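If you want the building blocks of each chain, they are given just below.
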Amino acid sequence: NPAMDFKQPAEEQIYALEIHHLLTPAPHHPFGPLRRIHEISERAGFQKELENTYSKLGIAGSAGFLFLLAFLLRASLRGSIGEENDDSLLGACAALMLSCLLLATMGGFGSLFNVFVSPEIRNYSRIVPFIDYFCLVAVALLLKRGGDWWRQKSVSPGIYRAGLATITLLAATDQAVVFQYLQYGAREQAFYRDAAFVNTIE
């Protein structure tokens, strides 16, 4: 289809993943201090990107991301992943996370793919759910280890469960980026027009 022949290899630089977007909070964050972190990042004068601006890992995902990087560094210095339970799973998550990052980040292997294979895949920032998944698996394993340590100390399991519930609520609030869409306006009317159009086709 000639009408679809509009993508250029250099557009990878526009739609690529950027690490500073991954680790900074979402705009309009419900928690004031995190919202200020985003505002400080915005004032830094980075190029105004497009969809990749919303590629966020959240607090829990960012913690897992930094932990996996530290895990890889430690493994490279020691020459082995480690012998603790779940270390092999952490190693797999770290390797897959790093592979996704090297593919999708600006100027990464995705840019070579776009030049020498096809420019059809250009919005590499959309790989962020996979990266976030690997990071959250690492967080879950760390929380599991924390639970094992807690049980060894013979402390009340209710406190640990309450801590997990609190972390879950905070993580859900951290990802609640719908706050910026509370003012529907014309978007809501467009939704109903699209619904009527699809009903007509059906």
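Here the structure is a predicted model, which means the values were calculated and not measured.

A. Geometry of the packing of aromatic side chains. Evaluation of the coordinates by the stated rule reveals five aromatic pairs. Aromatic side chains Tyr133 and Phe134 sit 5.9 Å apart centroid to centroid with 65° between the ring planes, which places their arrangement in the edge-to-face category. Look at Tyr133 and you get exposed, because its relative accessible area is 53%. Relative accessible area serves as the criterion here: at 12%, Phe134 is assigned to the buried category. Their ring planes at 75° and their centres at 5.5 Å tell us that Phe191 and Tyr192 sit as a pair that is edge-to-face. You can call Phe191 exposed: its relative accessible area is 57%.

B. Geometry of the nonpolar core. Leu17, Leu22, Phe65, Leu68, Met97 and Ile131 are the most contacted members of the largest nonpolar core, which has 22 residues in total. For this core, the secondary structure elements donating two or more residues are helix 4 (58-78), helix 5 (87-104) and helix 7 (128-152). Every residue in contact with Leu68, bar those within four places of it in the chain, is listed here: Leu90, Cys93, Ala94, Met97, Phe134, Cys135 and Ala138.

C. Expanded view of helix 4. Between its first and last C-alpha atoms helix 4 spans 30 Å; for 21 residues at 1.5 Å apiece the expected length is 30 Å, and the two agree. Check the buried side of helix 4 and you find it contacts helix 2 (19-23), helix 5, helix 7 and helix 8 (157-174). Phi for Gly79, located one or two positions after helix 4, is positive at around 80°.

D. Seen up close, a nonpolar patch on the surface. On the surface, a cluster of nonpolar side chains totalling about 870 Å² of accessible area is made up of Leu102, Leu103, Phe109, Leu112, Phe113, Val115, Phe116, Val117 and Ile121. Of all the elements in the fold, those that place two or more residues in the nonpolar patch are helix 5 and helix 6 (109-116). Along the polypeptide, Val115 turns up in helix 6. According to the relative accessible area criterion, Val115 is exposed, its value standing at 51%.

E. Molecular detail of the environment of Gly158. Relative to the elements of secondary structure, Gly158 occurs in helix 8. The class for Gly158 is partly exposed, based on a relative accessible area of 36%.

F. Just the environment of Gln175, in detail. On the secondary structure map, Gln175 appears in the loop between helix 8 and helix 9 (186-201). Note: C-alpha distance between Gln175 and Ala162 (13 residues apart in sequence) is 20 Å. With residues up to four places along the chain from it excluded, the contact list for Gln175 reads Leu57 and Gly58.

G. Geometry of the pattern of salt bridges. Using the criterion set out here, one finds three salt bridges in the structure. Close ionic contact of Arg145 with Asp87 constitutes a salt bridge, the shortest N to O distance being 2.7 Å. Remark: Asp87 occurs in helix 5 and Arg145 occurs in helix 7; sequence separation between them is 58 residues. Residue Asp148 pairs with Lys144 through a salt bridge whose shortest N-O separation is 3.9 Å. Taken as a pair, Asp148 and Lys144 lie in helix 7 at a separation of four residues, close to a single helical turn. By relative accessible area, Asp148 is classed as partly exposed at 29%.

H. Fine view of the confidence of the model for the chain. Of all residues in the chain, 93% have pLDDT values of 70 or greater, and the mean over the chain is 83. Across the chain, the element-wise mean pLDDT spans from 79 in helix 1 (residues 12-15) up to 92 in helix 5.

I. Highlighting helix 7. With 25 residues, helix 7 extends 36 Å from end C-alpha to end C-alpha; this agrees with the ideal 36 Å at 1.5 Å per step. All of the buried residues along helix 7 are Val128, Ile131, Asp132, Phe134, Cys135, Val137, Ala138, Val139, Leu141 and Gly147. Where helix 7 is buried, its residues contact helix 2, helix 4, helix 5 and helix 8. Ser154 sits one or two residues past helix 7 and shows a positive phi near 55°.

What counts and what doesn't
Residues numbered from 1 in each chain as written. Predicted model: local features only at pLDDT ≥ 70, side-chain atom pairs only at ≥ 80, totals over all residues. Heavy atoms only, no water. Phe/Tyr/Trp six-rings, centres within 6.5 Å; stacked < 30°, edge-to-face > 60°. Buried < 20%, exposed > 50% of the residue type's maximum accessible area, 1.4 Å probe, protein only. Core = buried A, V, L, I, M, F, W, Y, C linked by side-chain atoms within 4.5 Å. Helix = DSSP H or I, 4+ residues; strand = E, 2+ residues; numbered from the N terminus. Contact = heavy atoms within 4.5 Å. Expected span 1.5 Å × (residues − 1). Patch = residues over 30% accessible without salt bridge, like charges linked within 9 Å, V, L, I, M, F, W, Y side chains within 5 Å. Areas by Shrake-Rupley, 256 points an atom, 1.4 Å probe, with all protein chains shown as cover. Salt bridge = Lys/Arg side-chain N within 4 Å of Asp/Glu carboxyl O. pLDDT = per-residue confidence, 0-100.

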